Amino acid sequence: MLKKVYPERNSDDPSRALLEKRGDLYYPTKEFQKKAWINNGKIYKEAEKAPIKFWEKLAKEIYWQKKWKKAFLHKPPYFEWFSGGKLNLSENCLDKNIPKLKDKIALIWEPESETETANRIFTYKELFQEVNKLANALKKLGVKKGDRVGIYLPMIPEIVVSMLACVRIGAVHTVVFSAFSSQSLKVRLQDTEAKVLITADGYYRRGQIINLKQNADDGINETKVEKVVVVKRAGNEVLWREGRDFWFNDLTKDESDKCEAESMDSEDPLFLLYTSGSTGKPKGILHTCGGYTVQTKVTGKFIFDFHNQDIFWCTSDPGWITGHTYTIYSPLLNGITTLLFEGAPDWPTPDRWAKIIEKHKVTIFYTAPTAIRMFEKYGAEILKKYKFEKLRLLGTVGEPIDEAAWLWYFNEAGKGRCPIVDTWWQTETGGILITSLPGIGPFRPAFTGLPFPGVRFDILDEKGKSCSGEKEGNLVILPPFSPGLLRGIYKNPEKYLETYWSQYGKNVYFTSDGAYKDKDGLIRIIGRVDDVIKVAGHRITTGELEAAINSHFSIDESAVIGIPDKIKGEAPIVFAVYKNDKNKEELKKELIDKIKKEIGPIALPKEIYLVEDLPKTRSGKIMRRILRKIFTGEELGDLSTLANPEIIEKIKNLM
Ligand code: WTA
């Protein structure tokens, strides 16, 4: 999907270039290569020869209270990594870094308002103390190892403290993105049966205060939540229930700052994170302690080339997997400084993100193509005054990046100097599994790169045959998979089997992504082959939107499709069959409200069409493919299987 090609620009100062072009491909310069952790291809050969041994070697990068007995155990579709080993992720992030790094900054927090002076910075020691205090407080609230704790917090330091405190005492955190609705929160709390929820009074979004406590109060109705811990952030009025609600600071202020880290088995549950699957109901993706910790440590080290002096800014909210792994855990495991920004990267001015990079001397910046396309839309003029002196590496994630956006990112954000790691992964994989390593390359715009060493991928056709040449197929992962791949869907083993291990049998993990390889083996991701759509990098399913719309009493049924969008990558379009008893504009407004209430503002459709019927086959299957073609104006092709071809013209007339 080539939009326009930017003229090539040379680095501002060629002697500082960290990337160079050779033919169609880009490579790190000698200067970058020299300092990188991984700077030659030997690692691929070593990993390919004996992947399990290779991961065992990497596992030594973290601290184990007790060494594992068996590195990899496979009972398809289940598997284990480092079984018998004992460790704690929080201990690895904090205690193990303190001897050398106690006064080093672990976390920089940048508030949304530029005039707010409460610029909060935590050293490793301070973060350790905060985490321990909360860990002790949670224990007093009755939280035990294995209990689930809901976290519904905005991008404030307490989200980091809360996640680490849970992990410290072996509680399984379930972070719910703060922009999700109370209904979305409720569904997740019901599924996990969490007894404690950590939330905030409110937060700022584009200058407005959002009353998060109100959502939390609504969300915990009909759940097992008995105690609510509330961070005071925005100072807005909240309803308070004595005995159930506790201010975060009241609970922690007198607690001891020492709390021994629970000894966790490698395969004990670490956290649950809900994501959209192929049906309306979100799935609780289960990650476990050992494999996730190892993979999180080494993917950050090798892919972002984390070194002592790095200041890393991953723009993802901790409510998503990218925020779990790369805003929080990976930088801390690697003992570097991570930056957490409360607001939107283009508020109050479009160059807010650039100001933050400059102000905090960010060295590595990681964001989604949607953000890059948005920055691009604002124009490069506003970036001229920024030098980004310290920036040395860029990353992108969450959706395919086209060549034009890649080149813009390279030229304008990276000033024509920095390598770009285009990282492919999923909530399920726990960490990055495909990308070019920055000290080796090559980088090819719009291609993510090679599988991470020690992970075997293939691209298969419908019949399970490996695709050769540049043929498109389904991206799959082969045994021994990766240590951080999900271990299950919470309370739903059938769905686990059906979603990931049924297309090609129980030995092959199906990613649900379409992809192909170029002649150098670099992988290009085409996009999802199921009904997941990535709207601004956020993962939602058409099924989940349809369920929300269908629950409106004036709607009989609906079909949602994803269509390409210049900024957001994809956007949902709704076709809803309505009962003819309502003003259409009013009904559309009600549907928008319904979606906001059931899911949240991220899922809002670009367009809603109220229709009499949907194109269906004789067996009653809705033909979404045809709806997509009607929308894009493509040739509709053979319509002979349709039971109601007359509806096509009627829908066309609405466009
Ligand atoms: C897509 C986000 C192209 C893909 C970490 C995957 C990508 C889904 C890339 C998972 C990339 C992620 N290029 N597509 N670099 N990274 N995707 O669970 O379709 O929110 O299956 O995890 O995002 O989305 P999720």
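Residues numbered from 1 in each chain as written. Predicted model: local features only at pLDDT ≥ 70, side-chain atom pairs only at ≥ 80, totals over all residues. Heavy atoms only, no water.

### Quick look at the overall build of the protein
And step 1. Across its full length, the protein holds 20 helices and 32 strands.
And step 2. Rg of the C-alpha trace for the protein: 24 Å, near the compact-globule value of 26 Å for 655 residues, within the 12% margin.
And step 3. If one aligns the C-alpha atoms of the protein with their principal axes, the spans along those axes are about 75 × 65 × 55 Å.
And step 4. Of all 655 residues assigned to the protein, the portion counted as buried reaches 62%.
And step 5. The long-range share in the protein, meaning contacts at least 24 apart out of those at least 6 apart in sequence, stands at 71%.
And step 6. Summed over all atoms, the accessible surface of the protein reaches about 26,000 Å², with 50% contributed by carbon and sulfur.
And step 7. Across the protein, 100 positive and 89 negative side-chain charges occur, with their mean positions spaced 4 Å apart. (Helix = DSSP H or I, 4+ residues; strand = E, 2+ residues; numbered from the N terminus. Rg over C-alpha atoms; globule rule 2.2 N^0.38 Å. Buried < 20%, exposed > 50% of the residue type's maximum accessible area, 1.4 Å probe, protein only. Contact = heavy atoms within 4.5 Å. Areas by Shrake-Rupley, 256 points an atom, 1.4 Å probe, with all protein chains shown as cover. Lys, Arg positive; Asp, Glu negative; His and termini not counted. Charge placed at Lys NZ, Arg CZ, Asp CG, Glu CD.)

### Observations concerning the site of the ligand
And step 1. Contacts to the ligand come from 18 residues, most closely from Thr423, Thr427, Asp513, Lys534 and Arg539.
And step 2. Within the contact set of the ligand, an oxygen atom lies 2.6 Å away from a side-chain nitrogen or oxygen of aspartate 513.
And step 3. Within the complex, 97% of the 530 Å² of free accessible area of the ligand lies under protein.
And step 4. At the level of secondary structure, the elements contributing two or more residues to the shell around the ligand comprise α12 (321–333), β22 (420–423) and β27 (523–528).
And step 5. A per-class count over the shell around the ligand returns 6 nonpolar, 6 polar and 6 charged. (Near = heavy atom within 4 Å. Polar contact = N/O pair within 3.5 Å; in protein donor to acceptor, adjacent residues only side chain to side chain. Nonpolar A, V, L, I, M, F, W, Y, C, P; charged D, E, K, R; others polar.)

### Quick look at the nonpolar core
One broad trend across soluble globular proteins is that nonpolar side chains are buried collectively.
And step 1. Core analysis: the biggest nonpolar cluster contains 186 residues, and Trp55, Leu127, Phe304, Trp353 and Phe365 have the highest contact counts within it.
And step 2. Leave out the neighbours within four places in its chain, and phenylalanine 365 touches Trp313, Thr315, Trp353, Ile357, Phe375, Leu391, Leu393, Leu394, Gly395 and Tyr409.
And step 3. In terms of nonpolar packing, the next biggest core, distinct from the first, is built from 19 residues, Ala559, Ile563, Tyr609 and Ile630 among them. (Core = buried A, V, L, I, M, F, W, Y, C linked by side-chain atoms within 4.5 Å.)

### Concerning the environment of aspartate 581
And step 1. Following the sequence through the fold, aspartate 581 ends up in the loop between β31 (569–578) and α18 (584–598).
And step 2. Taking the relative accessible area as the measure of exposure, aspartate 581 reaches 56% and is therefore exposed.
And step 3. For the pair aspartate 581 and aspartate 254, spaced 327 residues apart in sequence, the C-alpha to C-alpha distance is 60 Å.

### Side note on the packing of helix α2 (residues 42–49) against helix α3 (residues 51–59)
And step 1. The interhelical angle for the contact between α2 and α3, taken along N-to-C directions, is 120°, at an axis separation of 5 Å. As judged from the angle between their axes, α2 and α3 are oblique. Contacts between α2 and α3 pair Ile43, Glu46, Ala47, Glu48 and Lys49 from the former with Pro51, Phe54 and Lys57 from the latter.
And step 2. Taken together, the residues of the contact of α2 with α3 break down into 4 nonpolar, no polar and 4 charged. (Axes fitted to C-alpha atoms, helices over the stretch in contact; angles between N-to-C directions. Parallel < 35°, antiparallel > 145°, perpendicular 65-115°, else oblique.)

### Details of the sheet that holds strand β16 (residues 269–275)
And step 1. Read across the open sheet, the 8 strands follow the order β14-β13-β10-β8-β9-β16-β17-β25; overall the sheet is mixed. Edge positions in the open sheet fall to β14 (245–247) and β25 (488–489), since each of these has one partner strand only.
And step 2. The sheet contact formed by strand β13 (residues 227–231) and β14 spans 3 bridges and is parallel. Residue pairing for β14: valine 229 is matched across the bridge by phenylalanine 246.
And step 3. Sheet contacts for α12: β9 (172–175), β16 and β17 (283–288); angle to β16, the most-contacted strand, approximately 135°. (Pairing = 2+ DSSP bridges.)

### Re the pattern of salt bridges
And step 1. This model, assessed by the stated rule, comprises 47 salt bridges.
And step 2. A salt bridge links glutamate 31 to lysine 35; the nearest nitrogen and oxygen atoms lie 3.7 Å apart. Here glutamate 31 pairs with lysine 35, and both are found in helix α1 (residues 30–35), just 4 residues apart, close to one helical turn.
And step 3. Relative accessible area serves as the criterion here: at 55%, lysine 35 is assigned to the exposed category.
And step 4. A salt bridge links arginine 233 to glutamate 116; its shortest N-O distance comes to 2.9 Å. Placement of arginine 233 in the loop between β13 and β14 and of glutamate 116 in the loop between β6 (105–110) and β7 (121–123) is noted, with a sequence separation of 117 residues between them.
And step 5. A relative accessible area of 23% places glutamate 116 in the partly exposed class.
And step 6. Residues joined by salt bridges that share partners form a network here, namely Glu110, Glu114, Arg352, Lys355 and Lys359. (Salt bridge = Lys/Arg side-chain N within 4 Å of Asp/Glu carboxyl O.)

### As for the environment of leucine 604
And step 1. With respect to the helices and strands, the residue leucine 604 is situated in the loop between α18 and β32 (607–611).
And step 2. With relative accessibility at 25%, the residue leucine 604 sits in the partly exposed group.
And step 3. Taking the C-alpha atoms as reference points, leucine 604 and proline 572, separated by 32 residues in sequence, lie 7.3 Å from one another.
And step 4. In this view, leucine 604 contacts Pro572, Ile592, Ile595 and Lys596; residues no more than four positions away in its chain are not counted.

### Things to note about the state of the cysteines
And step 1. Tallying each qualifying case throughout the model produces 0 disulfides.
And step 2. Not part of a disulfide, cysteine 259 finds its nearest cysteine sulfur in cysteine 166, a span of 11 Å.
And step 3. The thiol of cysteine 289 is unpaired, and the distance to the nearest cysteine sulfur, on cysteine 93, comes to 12 Å. (Disulfide = S-S within 2.5 Å.)

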